[in-house]
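As a plain string of letters, each chain reads:
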Amino acid sequence: HRRRQCLPPASDRRMAREARAPRNPLELAPHDLDIFRELQRDGRTPFVAIADRLGVSEAHVRRRTARLTHAQVFSITAVADPKVFGVDCMAWLGIRAHESHATPVAEALVAQPEIDYVVQTAGAYNVMAEAACRSSAELYQLLRRIRGMPGVQRTETFVYLNLLRQQFQWSL
C-alpha cells in the first residue's frame with residue numbers, strides 16, 4: 001500500500017499555476033498577443049492601462065510581459081532615427097560564404113558593433129546583414145574585415161541613399 005506525500009499549500013498552488021502555463025515559452029497564453037499588440041503600439045504604455053483595456057489585472061500583465069521578455073519572445077526597446085545619433089552610412093550587405101562557413105560567418109557578423117541585423121538566407125547570398133556606420137570610411141573598413149573572414153567568397157553592398165521607412169511592427 002503506497003503512502004501519498006502531501007505538499008505544502010504554496011507548492012500546490014505553484015504546481016497548479018505551472019500546469020496551466022504553456023509548457024513551451026513560445027506557446028502564447030491567453031492575452032499574450034493582446035499584451036504584445038498594446039506594447040507594440042506604444043512600449044511606454046503603463047501596465048495598468050493595458051490591464052484596464054484587456055480586463056485583466058496589472059499583476060497579470062506585468063508577470064506575462066516579464067516572462068515573455070525573459071524568454072526572448074519579444075523585447076521592448078527605443079527606435080531612433082539613425083542620423084540623429086551620427087549614423088550617416090547604412091547599407092544592406094549580401095554575403096556569399098562557402099556552405100560550410102555560412103553559420104560561422106553569420107555568427108562573426110553578430111559580433112561586429114556596426115552590424116545590427118543578420119540573417120541566413122536561401123538564394124544568391126546565404127548571409128545578409130545590415131550595417132550602420134558613422135561614415136563611408138567606417139563602412140569600408142567593415143567590408144574589408146568581412147571580406148577577410150574565412151569562407152567569404154563574395155559580397156555585394158547596397159548603400160542606403162534615402163531611408164523612407166523604418167518600422168518594427170507587424171500586423172498580427
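Being a predicted model, the structure only gives us computed values, none of them experimental. (Residues numbered from 1 in each chain as written. Predicted model: local features only at pLDDT ≥ 70, side-chain atom pairs only at ≥ 80, totals over all residues. Heavy atoms only, no water.)

1. Comments concerning the confidence of the model for the protein
Heads up, the condition is: Scored from 0 to 100, pLDDT records how confident the predictor is in each individual residue. Here a residue-residue contact requires only that any non-hydrogen atoms of the pair lie within 4.5 Å.
Across the protein, pLDDT averages 85, with 82% of residues at or above 70. When the criterion is pLDDT under 50, residues 1-8 qualifies, and its contacts beyond four places in sequence or with other chains add up to 2 contacts. Ignoring residues within four places in sequence, the model shows residues 11-19, a span with pLDDT below 50, making 3 contacts including any to other chains.

2. Focus: the packing of aromatic side chains
Rule in force here: Here a Phe, Tyr or Trp ring, Trp counted by its six-membered ring, pairs with any other such ring whose centre lies within 6.5 Å, and the pair is stacked when the planes are under 30 degrees apart, edge-to-face when over 60, and tilted otherwise. What counts as a helix is a DSSP run of H or I of at least four residues, what counts as a strand is a run of E of at least two, and both are numbered from the N terminus. Only protein chains enter the accessibility calculation, which uses a 1.4 Å probe; a residue whose area is less than 20% of its type maximum is buried, one above 50% is exposed, and one in between is partly exposed.
A full pass over the atoms with the stated rule returns 2 aromatic pairs. Look at F36 and F74: their rings are 5.3 Å apart centre to centre, the planes differ by 55°, and that puts the pair in the tilted class. Of this pair, F36 sits in helix α2 (residues 32-41) while F74 sits in the loop between α4 (58-70) and β1 (89-97), and the two are 38 residues apart along the sequence. Of the two residues, F36 and F74, neither departs from the other in class, the shared state being buried. Here W92 and Y117 contribute two aromatic rings whose centre-to-centre distance is 5.9 Å and whose plane-to-plane angle is 40°, an arrangement assigned as tilted. With W92 in strand β1 and Y117 in strand β2 (residues 115-120), this pair connects stretches of sequence that are 25 residues apart.

3. Re the sheet that holds β1
Operational definition: For two strands to be treated as a pair, DSSP must find at least two bridges joining them. Note on method: axes are straight lines fitted to C-alpha atoms, helices fitted across the in-contact stretch only, with angles between N-to-C directions ranging 0 to 180 degrees.
Strand order across the open sheet formed by 4 strands is β2-β3-β1-β4, with antiparallel pairing between neighbours. The sheet is open, and its two borders are formed by β2 and β4 (152-159), each paired with just one other strand. Averaged over all neighbouring strand pairs, the angle between strand axes comes to 20°, with direction disregarded. Across the face of the sheet, helix α6 (residues 136-147) comes into contact with β1, β2, β3 (127-133) and β4 while running at roughly 160° to β4.

4. Thoughts on the packing of α2 against α4
Cut-off, in case you're wondering: Any angle that falls under 35 degrees is termed roughly parallel, while one over 145 is termed roughly antiparallel, one within 65 to 115 roughly perpendicular, and all others oblique. All amino acids are sorted into three groups, where Ala, Val, Leu, Ile, Met, Phe, Trp, Tyr, Cys and Pro are nonpolar, Asp, Glu, Lys and Arg are charged, and the leftover types, Gly among them, are polar.
Contact geometry for α2 and α4: axes closest at 10 Å, N-to-C directions at 85°. With respect to α4, the axis of α2 lies roughly perpendicular. Contact residues: α2 offers D32, I35 and L39, while α4 offers V61, R64, T65 and L68. Grouping the constituent residues of the contact of α2 with α4 by class yields 4 nonpolar, 1 polar and 2 charged.

5. Comments concerning α6
Put simply, the rule is: The span one expects for a helix is its residue count, reduced by one, times 1.5 Å. Note that the arc is computed from the directions linking the helix axis to the C-beta atoms.
Taking 1.5 Å per residue as the helical rise, α6 with its 12 residues ought to reach 16 Å, and the 16 Å between its terminal C-alpha atoms agrees with that figure. Along α6, the positions that sit buried rather than exposed are L139, L142, L143 and I146. Each buried residue of α6 sits inside an arc of 100° when the element is viewed along its axis, so together they form one side. Along its buried surface, α6 packs onto β1, α5 (102-110), β2, β3 and β4.

6. Observations concerning unusual backbone geometry
The phi angle at H31 is positive, at roughly 80°, despite the residue not being glycine. Since its relative accessible area comes to 30%, H31 is described here as partly exposed. If you check the backbone angles, Q72 has positive phi at about 60° while not being a glycine. Secondary-structure assignment places Q72 in the loop between α4 and β1. Accessibility expressed as a relative area gives 69% for Q72, which makes it exposed.

7. Remarks on the environment of I76
The residue I76 is located in the loop between α4 and β1 in this model. Given a relative accessible area of 42%, I76 falls into the partly exposed group. Expressed as a C-alpha distance, the spacing of I76 and D42, which sit 34 residues apart in the sequence, is 9.4 Å. Discounting chain neighbours no more than four positions away, the residues touching I76 are L39, G43 and T65.

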